[in-house]
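Examination of the molecular architecture
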Amino acid sequence: MNNLEETLPKVAPGKILSDGFITRLALAIKSVGKATSVNPFGMAAGFVSIGFLATFAVLAAVDRLDLVPLVISALVRIVGGA
Amino acid sequence: MENERQLVESAKSGNDDAFIELANLCKESVARIAFYIIGSRDEAEEIAADAFLKAYLSIKTLRDDVPFSVWVARIAKNLSIDKLRRKKSFQRQTEDSKGSDDEEMAMDIRKEVMDLPIKLRLPLTMLYYDSMQIEDISKILGIPQGTVKSRIFLAKERLKRRLS
């Protein structure tokens, strides 16, 4: 490998992000922005909703949407301090 | 660059569209940094989204002398390293498509690059894959420019040995 400096740029991995990344990001930003402007706890609420959506997406990806009620009841117990 | 400054000012004053435009300008470079650390495109995309959301929530703390792209890249780097630390074992995704000899050679090189330790891999990929300036790499990684250069040198030496 004599000209590594010339070869490396040619083997750079292509596009990383999937199509629609900016659209999804814009939606998330608008929802976080709306939450923060509505109430002082909006920022935390925004993160919680993102976290919940992410959990839902993961469960959907592994085809275990049946666990959603379990997750919700666990969250309720945590928030309720039980 | 002037356009970026105007967009940052506008985003700081609450213009979401300006922030989204800023994100659009540097989204791939931010995702790439996460990818070079994590090695998975899906996780790199998640980290890029998290980095932009974190940046959005703290845009007012961005100093005037720090470019937006460098700032978000630094957030993405920190998030990626945190995520990597939390992982019990790091299994790199392998690309399973078979292509021409050139493509196979490219895959071999990419694999060797991904096998380098992170501290050598990051500056090397940022320089050669993304054509970033040493100064910017130094700012994103938070290390002196001399250290960036020496790590790139060490990375290249190690790669040459492995690929020879």
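Fair warning: this is a prediction, and the values are worked out from it, not measured in the lab. (Residues numbered from 1 in each chain as written. Chains lettered and ligands numbered in written order. Predicted model: local features only at pLDDT ≥ 70, side-chain atom pairs only at ≥ 80, totals over all residues.)

Concerning the overall build of chain A
Tallying secondary structure elements over chain A gives four helices and zero strands in all. Each helix (α) and strand (β) of chain A, taken in turn from the N terminus, gives the series α-α-α-α. (Helix = DSSP H or I, 4+ residues; strand = E, 2+ residues; numbered from the N terminus.)

Digging into the confidence of the model for chain A
In this model, chain A carries an average pLDDT of 73, and 50% of its residues clear a pLDDT of 70 or more. Across chain A, the element-wise mean pLDDT spans from 63 in helix 3 (residues 42-61) of chain A up to 88 in helix 1 (residues 4-10) of chain A. (pLDDT = per-residue confidence, 0-100.)

Comments concerning the interface of chain B and chain A
With 29 residues of chain B at the contact, the number on the chain A side is 23 residues. Mapped by element, the contributors of at least two residues to the side of chain B that touches chain A are helix 2 (16-38), helix 3 (41-57), helix 5 (101-115) and helix 8 (145-163) of chain B. Counting residues per element, the side of chain B that touches chain A draws most heavily on helix 2 of chain B, at ten residues. Residues that form the side of chain B that touches chain A fall into these classes: 18 nonpolar, two polar and nine charged. (Contact = placed C-beta atoms within 7 Å. Nonpolar A, V, L, I, M, F, W, Y, C, P; charged D, E, K, R; others polar.)

Let's talk about the environment of B:Val113
All names here are of chain B. Mapped onto the fold, Val-113 is located in helix 5. By the C-beta count within 10 Å, which is 24 here, Val-113 ends up buried. Through-space distance from the C-alpha of Val-113 to that of Arg-158 is 9.5 Å; in sequence the pair is 45 residues apart. If sequence neighbours within four positions are ignored, Val-113 has contacts with Arg-121, Leu-124, Thr-125 and Leu-159. (Buried ≥ 20, exposed ≤ 12 C-beta atoms within 10 Å, placed from the backbone.)

Topic: the packing of helix 5 of chain B against helix 8 of chain B
Describing two packed helices takes the angle between their axes plus the distance from one axis to the other. Residues and elements named next belong to chain B. Put simply, helix 5 and helix 8 touch, their axes get as near as 10 Å, and they point 130 degrees apart. Taken together, the axes of helix 5 and helix 8 lie oblique to each other. For the pair helix 5 and helix 8, the sense of crossing is right-handed. In this structure, helix 5 uses Ile-109, Glu-112 and Val-113 to contact helix 8, whose residues at the interface are Leu-159, Arg-162 and Leu-163. Among the residues forming the contact of helix 5 with helix 8, the class breakdown is four nonpolar, no polar and two charged. (Axes fitted to C-alpha atoms, helices over the stretch in contact; angles between N-to-C directions. Parallel < 35°, antiparallel > 145°, perpendicular 65-115°, else oblique. Left-handed = near helix turned anticlockwise from the far one by under 90°.)

With respect to helix 4 (residues 68-86) of chain B
For helix 4 of chain B, spanning 19 residues, the distance from its first C-alpha to its last is 27 Å, which sits close to the expected 27 Å at 1.5 Å a residue. For helix 4 of chain B, every residue scored as buried is listed here: B:Phe68, B:Trp71, B:Val72, B:Ala73, B:Ile75, B:Ala76, B:Lys77, B:Leu79 and B:Ser80. (Expected span 1.5 Å × (residues − 1).)

A closer look at the packing of helix 4 of chain B against helix 7 (residues 134-141) of chain B
All names here are of chain B. At a minimum axis distance of 8 Å, the contact between helix 4 and helix 7 shows a crossing angle of 45 degrees. By the angle between their axes, helix 4 is oblique relative to helix 7. You can see that helix 4 and helix 7 cross each other, and the crossing is right-handed. The segment helix 4 lies against helix 7, with Val-70, Ala-73, Arg-74 and Lys-77 engaging Asp-136, Lys-139, Ile-140 and Leu-141. Taken together, the residues that form the contact of helix 4 with helix 7 break down as four nonpolar, no polar and four charged.

Considerations on unusual backbone geometry
Phi is positive for B:Ser131, which is not a glycine, with a value near 50 degrees. Summarising the element assignment, B:Ser131 is placed in the loop between helix 6 (118-128) and helix 7.

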